[in-house]
Amino acid sequence: MAFKVTDDEQGEWSVLRVAGELDLVTSPVLRQRVHDVVAQGRHDLVLDLSEVFFCDSSGVGVLIAARRLIRSCQGRLRLILPARGAVDGSHVNRVLGALGVRRLFDVYADLAAAVDDEPLSA
């Protein structure tokens, strides 16, 4: 599967759907797309990573940088990392967990949950 980023809007949320491998070659594309969304004044962002089947450290770096950028704008970043998919769940979810950084992100199972404006339980 070729790497692809598509964008959409769901109410006040910008949604970037990412598919393929998020690695050293492709992560700059996602980084630029996140910067483009923020430059347009949209600071509430959902990254749908449910179709990402591989993520290396450069991909994780882009996710952490996106979090930092969105927070600096007083925005919100939410990730879609389904518990089931591929063979045994989201590869990105496992990588973030293994690196101990998953807790930095607000994670949802699907787009409907991610764009629901009910406050997250503390």
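Residues numbered from 1 in each chain as written. Predicted model: local features only at pLDDT ≥ 70, side-chain atom pairs only at ≥ 80, totals over all residues. Heavy atoms only, no water.

## Thoughts on the pairing of strand S4 (residues 76–80)
Here is the rule we go by: Residue exposure (1.4 Å probe, protein chains only): buried if accessible area is under 20% of the type maximum, exposed if over 50%, otherwise partly exposed. Working definition: helices are DSSP H or I runs of at least four residues, strands are E runs of at least two. Numbering for both runs from the N terminus. Pairing between strands requires that DSSP locate at least two bridges from one strand to the other.
With respect to burial, S4 is a largely interior element, 4 of its 5 residues being buried. Where strand S3 (residues 44–55) and S4 come together, 5 bridges link them in parallel fashion. Bridge pairing in S4 links aspartate 44 to arginine 76. Bridging between S4 and strand S5 (residues 106–108) involves 3 bridges; their strand directions are parallel. Directly across from arginine 78, in S5, lies its bridge partner aspartate 106.

## Remarks on the pattern of salt bridges
Put simply, the rule is: For this document, the term salt bridge refers to a Lys or Arg side-chain nitrogen within 4 Å of an Asp or Glu carboxyl oxygen.
In this structure the tally under the stated criterion is 6 salt bridges. The salt bridge partner of arginine 17 is aspartate 48, with a shortest N-O separation of 4.0 Å. With arginine 17 in strand S2 (residues 13–22) and aspartate 48 in strand S3, this pair connects stretches of sequence that are 31 residues apart. The salt bridge involving aspartate 44 is made with arginine 76; its shortest N-O contact spans 3.0 Å. Taken together, the positions of aspartate 44 in strand S3 and arginine 76 in strand S4 put the pair 32 residues apart, joining distant regions of the chain. By sharing partners, the salt bridges in this structure join Asp8, Arg17 and Asp48 into a single network.

## A few points about the side chain of serine 27
As a reminder of what qualifies: We call two residues contacting when some pair of their heavy atoms lies within 4.5 Å.
Positionally, serine 27 belongs in helix H1 (residues 27–39). Those residues in contact with serine 27 that sit more than four places away from it in its chain are Leu22, Ser58, Gly59 and Val62.

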